[in-house]
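# Report on the structure
Single-letter residue listing:
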Amino acid sequence: MCGIMGIINKKGNAIKKVIEGLEKLEYRGYDSCGIAFLTANKIETIKTKGRVKDLKELIDTDTKSNIAIGHTRWATHGVASTINAHPHTVGDITIVHNGIIENYKELSENIDTKLLSETDTEILCAYINKLYNENHDMLKTLAKLKTDIKGSYALAIINEDEPDTLYGVRKNIPLILAKNDNEYFLVSDMTAALKYTNKFYLLENDEIVKISDKEYIYDSDLNLLKKELLTFEGTSNDVMLKGYPHFMLKEIHEEPMVINNILSYYLTDGKFNENMPEFKKYKNIYFVGCGSASYTADIAKKVFENYANIKCEVFLASEFRYQKHFYDKDTLVVFISQSGETADTLEALRITKSDGIDTLAIVNVVGSSIAREAGKVLYIKAGTEIAVATTKAFTAQYLLLTLIALKMAGINDLSKFYKINEALETVFAIDFQKYAEKIYTKKDAFFIGRGIDYGLCEEGSLKLKEISYINSSAFASGELKHGTISLIEKDTPVMGIITDENLALKTISNIKEVHARGAYSLFITSLDIDGDFYDDKIKVPHINNYIDPILIVASLQLLAYNVALLKGEDIDKPRNLAKSVTVE
Ligand code: F6R
């Protein structure tokens, strides 16, 4: 969840580059931040409860330093405050940490340092300092540390005793070592280093990295490893706004490109190619994910059921981990995750694997933990997603899942998929602000629909609430009369969604019911339906049952975006959220 950026070079510009990197990593957590750097062989630390732009104002970025570590925080232990912000220093040791140390109490009993903050990280730092004082050998210290601590962590560490060396360790939290000819970057993800390099080493759990004159990567027994230097597919352009006011808007507008990426990778001349595996042997599918990733599955499930006749169930990863499972060898469990690092999804994957059940990951971030650990991985090829609210990755997940469903259904005429991008351009041309104006001052909002449209409601509602802070709920529209309709007041916005013609009349009746009770009813559809049951209508093009959801989702994303824009909210960094949820 937090962002780590460490750098070591001989150019004296480490501070400037760490700040630049933190700006790129801020989407991972942004309730406070800080930097520590070595200047004249002394460590200096500057922290703030604010954003990276506030940190920048506290620092002379021209101060010469060859080594610095920085952090953007998403608070777990201790409130968001300057004192709790990272880096933390005890004795010679200064660290930044992403993750949670579970046995921090036990560790605290072994240290005699007076702590300043409420964080597990400061305890960890004191513990590292204690170990180092005992052996004066950082590698041995880190190897011992790994056997003593429980939890998840990515750490970048500097030691005043070794002013030319940067250390890193990780367990279940991503940490990447990127390099070019002149410098090294220890980063949470490549977005922070992309301006300077696309070459990197993926660090595995329990590896220890030491960077001084060059890089040394060790296993937990301190054997030196030879690792492959990998090339990241993206460029620094991916993490720039390119003229858009927000990443969210940019990423919605990248959906046509992402759709092209998927179609050209998994299809050739409109037919499945060898990149799309065969899944014929499975009789049941379980989908597991969190938040939007689970809603993608709710929608795709209908395509699997209706076209491939496959029995499906969707699970929230945080529930799946702790419940009884009834899967068997005929079940494929599909783990859906943009980041590939979501702690609950990763743990659910490990449980499934240990039960001997086949697993498939649908992931965006190449080489992420879920991608590496699943039995099979299919990438959604969405490119870097920066806005905290997922948009293009959601669309890509749904498209890829739909293709898998059609493959299982034996449908091989996929020509209709090539119509999506033209249809999306029509959606992008709709004036969403006009509808957003009727919603943005309201306290509550509802999304109603049936069948596949109910899944769309869940996603539309989540998008709206997470970035506009309007209390929004999704309901299967048949449920309205069983309680929820009591919440409808004059002008309460109710978005009624219809793409399924078989259920249209039923949902229309439900929209009528809220309309009659004074709601502002916004009808969102791909079908040619008119009537006097709505106040406003958003009409997206109609292609077919399983493609229309992509067009509806784009309209829901743009509606939420425009509402948040009118409210003046921080769209790319909604309060309390973080992009990659690496803690339970
Ligand atoms: C909502 C959103 C989240 C994520 C969820 C899972 O806009 O982005 O609900 O979908 O946190 O994240 P991943 O897909 O990275 O596992």
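Residues numbered from 1 in each chain as written. Predicted model: local features only at pLDDT ≥ 70, side-chain atom pairs only at ≥ 80, totals over all residues. Heavy atoms only, no water.

With that settled, the discussion passes to the pairing of strand β25 (residues 520-525). The buried count for β25 comes to 6 of 6 residues, which makes it a mostly enclosed element. The side-chain alternation of β25 yields two buried faces, one formed by Y520, L522 and I524 and the other by S521, F523 and T525. Bridge analysis of strand β24 (residues 493-498) against β25 gives 6 bridges, and the strand direction is parallel. When the sheet's bridge partners are listed, P493 is paired in β25 with Y520. Of the pairings in the sheet, the one linking β25 to strand β26 (residues 536-539) comprises 4 bridges and is parallel in character. Each bridged residue has a counterpart across the sheet, and for L522 the counterpart in β26 is D536. (Buried < 20%, exposed > 50% of the residue type's maximum accessible area, 1.4 Å probe, protein only. Helix = DSSP H or I, 4+ residues; strand = E, 2+ residues; numbered from the N terminus. Pairing = 2+ DSSP bridges.)

This next bit is on the pattern of salt bridges. One pass over the full model with this rule turns up 33 salt bridges. Between E23 and K56 there is a salt bridge, with the nearest N and O atoms lying 2.9 Å from each other. Of the two residues, E23 sits in helix α1 (residues 14-25) while K56 sits in helix α2 (residues 52-57), which places them 33 residues apart along the sequence. Using a relative accessible area of 33% as the deciding quantity, one classes E23 as partly exposed. For K56, a relative accessible area of 37% translates into the label partly exposed. Via salt bridges that share partners, K11, K17 and E183 belong to a single interconnected network. (Salt bridge = Lys/Arg side-chain N within 4 Å of Asp/Glu carboxyl O.)

Here we take up the sheet that holds strand β9 (residues 176-179). Pairing in this open sheet of 8 strands is antiparallel, and the strands run β3-β2-β4-β1-β10-β9-β11-β14 from one edge to the other. The open sheet has two free edges, formed respectively by β3 (42-48) and β14 (230-231), since each of these has just one partner strand. Pairing of β9 with strand β11 (residues 199-202) involves 3 bridges; the strand directions are antiparallel. If you follow I176 over to β11, its bridge partner there is L202. α1 contacts β1 (3-9), β2 (32-39), β4 (67-73) and β10 (183-187) of the sheet and is inclined by roughly 155° relative to β1. (Contact = heavy atoms within 4.5 Å. Axes fitted to C-alpha atoms, helices over the stretch in contact; angles between N-to-C directions.)

Time to look at the site of the ligand. In the neighbourhood of the ligand, 14 residues make up the surrounding shell, with S337, Q338, S339, T342 and E466 lying closest. At 2.6 Å from an oxygen atom of the ligand is found a side-chain nitrogen or oxygen belonging to S337. Here an oxygen atom of the ligand and a backbone polar atom of Q338 are 2.6 Å apart. Secondary structure elements with two or more residues in the shell around the ligand: α8 (292-308) and α15 (452-468). Ranked by residues supplied to the shell around the ligand, first place goes to α15 with 3 residues. When its residues are assigned to classes, the shell around the ligand shows 5 nonpolar, 7 polar and 2 charged. (Near = heavy atom within 4 Å. Polar contact = N/O pair within 3.5 Å; in protein donor to acceptor, adjacent residues only side chain to side chain. Nonpolar A, V, L, I, M, F, W, Y, C, P; charged D, E, K, R; others polar.)

A word on the state of the cysteines. Throughout the structure, instances matching the rule amount to 0 disulfides. Left unpaired, C33 is separated from the closest cysteine sulfur, that of C2, by 11 Å. Left without a disulfide partner, C125 is nearest to the cysteine sulfur of C2, which lies 15 Å away. Looking at C125, the relative accessible area reads 0%, which means it is buried. (Disulfide = S-S within 2.5 Å.)

Moving on, we get to the packing of aromatic side chains. Summed over the entire model, instances satisfying the criterion amount to 15 aromatic pairs. On the numbers, 5.3 Å between centres and 75° between planes, the contact of F315 with F320 is edge-to-face. Judged by its relative accessible area of 0%, F320 is buried. Linked through ring pairs, Y286, F315, F320, Y327 and F335 together constitute an aromatic cluster. Its guanidinium or amino end placed over the ring of Y196, K17 lies 4.1 Å from that ring's centre, counting from NZ or CZ. Positioned over the ring face of Y469 is R575, at 3.9 Å from the centre of the ring. (Phe/Tyr/Trp six-rings, centres within 6.5 Å; stacked < 30°, edge-to-face > 60°. Lys NZ or Arg CZ within 6 Å of the ring centre and 35° of its normal.)

Here the residue pair H86 and P87 is connected by a cis peptide bond, since its omega of 0° sits within 30 degrees of zero. Position of P87 among the secondary structure elements: in the loop between β4 and β5 (88-90). Phi angles above zero are rare outside glycine, and D206 is one such case at about 75°. Mapping D206 onto the fold places it in the loop between β11 and β12 (208-211). Take D206: its relative accessible area is 27%, and that puts it in the partly exposed class. Despite not being glycine, Y469 shows a phi value in the positive range, around 65°.

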